[in-house]
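Listed below are the residues making up each chain.
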Amino acid sequence: MDPKTVTRFAPSPTGALHLGNARTALFSFLLGRASGGRFILRVEDSDRGRGGPEFVASQLADLTWLGLSWDAGPDRDDGRGPYRQSERGPIYDGLYKKLEREGHAYPCYCTPPELDVARRVQLAAGQPPRYPGTCRGLDASARAARVAEGRLPALRFRVPDSRVIEFEDLVRGPQSVAAATLGDFVLRRADGGPIFFFCNAVDDSLMGVTQVLRGDDHLSNTPRQLLLLQALGLPAPRYGHLPLLVDASGAPLSKRRGSTTVGELRERGYLAAAVGNYLLRLGHTGAPDQWVEPADFARSFSLDRLGRAPAHFDTAQLDHWQREAVRRLTPEQAVHWLDAELPADWSAQERRELAGLLRGNLVFPADAADWFSVLRGELVPLTAEDRTVLAEAGPAFFEAALAAYREAGADFGALGRELKQRTGRKGAALFMPLRIALTGRRDGPELAALLPAIPAALVRARLAGAAGVH
RNA sequence: GCUCCCAUCGUCUAGAGGCCUAGGACACAGCCCUCUCAAGGCUGGUACGAGGGUUCGAAUCCCUCUGGGAGCGCCA
């Protein structure tokens with residue numbers, strides 16, 4: 001990849017980091033920094049009324065958790081900052097003046113209610129709602145008159161009348177839009193605040209961004225930004241528009257249903273590498289069918305392997321990668337992952353052993369809870385089917401097991417041999433009644449590993465109890 | 001309402017006119033392995049939204065429709 005490549009992620013702190021945005025960030029990161037270029041992070045907090053600093057912190061934390069890192073951002077300036085739009089006012093002011101001076105922008109005194117009426121009229125007439133151009137040709141005296149009325153002007157971009165804007169979208173291919181369909185758009189609010197179209201495009205250019213990956217919803221707005229940058233004489237990045245993420249029913253991913261934020265997934269115990277493996281394949285081919293280590297993600301990422309249709313978020317597939325990720329945990333990582341679920345009074349040694357023992361049978365940390373009672377407490381009541389298995393084995397079987405356990409102790413191999421000799425049973429007929437009696441369930445880690453983890457007194461009590469089942 | 005985008009198994013997708021009686025992965029079912037579950041191995045079912053063209057030949061190209069999405073904000 002070209003080392004001059006600069007990509008960016010530009011979150012707006014209006015909430016938690018959404019899965020769709022996380023995917024956009026991941027892809028941008030892979031296209032940039034992870035491929036030998038640069039990746040920067042810019043906080044789009046130009047609208048002071050929305051969101052808050054807590055969201056900036058949480059989003060950056062989520063990105064870090066996912067394994068993304070940036071060369072420049074709000075926490076590290078490289079001289080092209082600041083990287084928060086709220087701190088870039090002076091930069092914007094200079095550009096606004098230039099635009100106005102050169103006739104590319106003009107003050108607009110229309111009020112929101114007036115604009116709203118105009119929109120309704122256009123809609124009713126079957127016309128697309130566009131700014132009617134009321135203030136486009138105002139002369140000095142007309143402007144003075146509006147100011148005298150106490151009106152505060154917004155600044156509008158003067159879209160050239162008859163032009164066709166053409167550009168090559170990084171994922172969509174060639175695009176062509178007639179300027180006439182655009183309508184003059186606002187660059188600066190009446191209260192002085194900058195507008196997305198403006199600061200987003202300007203910042204990308206000023207920060208040296210060469211490739212912008214963003215959501216599909218920005219595709220039809222791209223011509224505006226291209227026009228604006230051109231008027232400013234600023235170089236434009238190349239844009240690539242990613243299909244949106246939708247839920248199982250095909251509706252846009254909404255914060256209301258299910259876990260759709262990175263934070264929620266993390267809280268439920270999903271591992272970052274699992275989320276990464278899933279996101280890497282969501283609407284993108286090029287990754288092998290097998291697990292990919294996060295460090296190798298960039299090698300599997302390619303712009304021309306991006307899909308063009310909306311991608312469905314599918315928990316079953318996420319869970320598949322989660323299992324893969326859990327399986328790859330080292331014992332230390334497993335302890336850390338299980339940390340909040342592990343009984344606080346257990347020793348470091350016990351916690352380690354437990355994590356190692358259960359790792360293969362868990363998908364989420366919360367799944368571990370059931371096993372604690374298996375190892376230390378009460379078993380859940382047996383199902384009718386399980387009782388049948390115990391009854392079929394019969395009291396003699398468990399009395400023999402008790403005797404074998406006295407002989408062999410927690411050495412499961414020896415216990416098995418002993419019991420086989422005493423009862424003549426083998427295979428499932430031998431082990432299943434044992435498993436059920438000992439754990440109260442039919443699944444779980446190998447009995448050979450499980451047995452030593454259960455205190456001897458509990459083992460004896462359970463075997464004795466099973467002997468009493470008829 | 002207008003403009004634009006998208007459309008292959010349930011899901012992620014391969015497929016850039018003949019290699020497709022459409023391939024892989026996840027999920028599902030069965031079998032094998034196995035003390036169980038998981039993992040692994042094998043097998044199976046399920047898809048080119050509809051209708052018209054173009055062509056010797058279309059999942060692939062064109063048109064219409066249908067369905068889904070986005071944009072048209074002094075939101076980002």
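Shown above is the structure to which this text applies.
None of these values were measured; they are calculated from a predicted model. (Residues numbered from 1 in each chain as written. Chains lettered and ligands numbered in written order. Predicted model: local features only at pLDDT ≥ 70, side-chain atom pairs only at ≥ 80, totals over all residues. Heavy atoms only, no water.)

### Some remarks on the overall build of chain A
A tally of helices and strands in chain A yields 19 helices and 11 strands. When its C-alpha atoms are laid out on the principal axes, chain A stretches across 110 × 50 × 40 Å. For chain A, the residues scored as buried account for 49% of the 470 residues in total. Restricting to contacts in chain A with at least 6 residues of sequence separation, those with at least 24 account for 73%. A total of about 22,100 Å² of accessible surface is found on chain A, and carbon and sulfur atoms cover 52% of it. In chain A, which carries 59 positive and 56 negative side-chain charges, the distance between the mean positions of the two groups comes to 3 Å. (Helix = DSSP H or I, 4+ residues; strand = E, 2+ residues; numbered from the N terminus. Buried < 20%, exposed > 50% of the residue type's maximum accessible area, 1.4 Å probe, protein only. Contact = heavy atoms within 4.5 Å. Areas by Shrake-Rupley, 256 points an atom, 1.4 Å probe, with all protein chains shown as cover. Lys, Arg positive; Asp, Glu negative; His and termini not counted. Charge placed at Lys NZ, Arg CZ, Asp CG, Glu CD.)

### Focus: the nonpolar core
Counting residues in each nonpolar core, the largest one holds 95 residues, and the members touching the most others are L63, F398, L434 and L463. Once residues lying within four places of it in the same chain are set aside, the contact partners of F398 are L390, A393, P433, A437, L463, A466 and A467. One finds A72, F198, L219 and L227 within the second-largest nonpolar core, a separate group that totals 36 residues. (Core = buried A, V, L, I, M, F, W, Y, C linked by side-chain atoms within 4.5 Å.)

### What about the sheet that holds strand β4 (residues 154-157)?
Read across the open sheet, the 3 strands follow the order β3-β4-β7; overall the sheet is antiparallel. Strands at the two margins of the open sheet, each flanked by one partner only, are β3 (105-108) and β7 (186-188). Pairs of neighbouring strands in the sheet enclose a mean axial angle of 45°, with direction left out of account. Relative to β7, β4 is paired through 2 bridges, and the arrangement is antiparallel. Residue pairing for β7: R156 is matched across the bridge by V186. (Pairing = 2+ DSSP bridges. Axes fitted to C-alpha atoms, helices over the stretch in contact; angles between N-to-C directions.)

### What to know about the state of the cysteines
Counted by the stated rule, this structure contains 0 disulfides. Residue C135 stays outside any disulfide, its sulfur separated by 3.7 Å from that of C110, the closest cysteine. (Disulfide = S-S within 2.5 Å.)

### Concerning the packing of helix α15 (residues 384-408) against helix α17 (residues 427-439)
Two elements in contact, α15 and α17, have axes whose closest approach is 9 Å; the angle formed by their N-to-C orientations is 95°. By the angle class used here, α15 and α17 are roughly perpendicular. Each of D386, V389, L390, A393, F397, F398 and A401 in α15 lies in contact with α17, whose residues at this interface are L430, M432, P433, L434, I436 and A437. (Parallel < 35°, antiparallel > 145°, perpendicular 65-115°, else oblique.)

### Description of helix α11 (residues 315-327)
The terminal C-alpha atoms of α11, which comprises 13 residues, lie 18 Å apart, in line with the 18 Å expected from a rise of 1.5 Å per residue. Along α11, the positions that sit buried rather than exposed are L318, D319, W321, Q322, E324, A325 and V326. Summarising the contacts, the buried residues of α11 are in contact with α8 (262-267), α9 (272-281) and α12 (331-338). Between the side-chain oxygen at the start of α11 and the backbone nitrogen of A316 there is a gap of 3.1 Å, and the oxygen is on D314. (Expected span 1.5 Å × (residues − 1). Polar contact = N/O pair within 3.5 Å; in protein donor to acceptor, adjacent residues only side chain to side chain.)

### Things to note about the protein's contact with RNA strand B
Close to RNA strand B lie 62 residues; C110, G283, D289, Q317 and R442 are nearest. A share of 71% of the atoms of RNA strand B within 4 Å of the protein falls on sugar and phosphate groups. Take S46: an N or O atom from its side chain is 3.4 Å from a phosphate oxygen of RNA strand B. One of the backbone N or O atoms of R281 is found 2.4 Å from a sugar or linking oxygen in RNA strand B. Elements supplying a minimum of two residues to the surface near RNA strand B: α4 (112-124), β4, α6 (196-206), β11 (311-312), α11 and α17. In terms of residue class, the surface near RNA strand B is built from 24 nonpolar, 16 polar and 22 charged. (Near = heavy atom within 4 Å. Nonpolar A, V, L, I, M, F, W, Y, C, P; charged D, E, K, R; others polar.)

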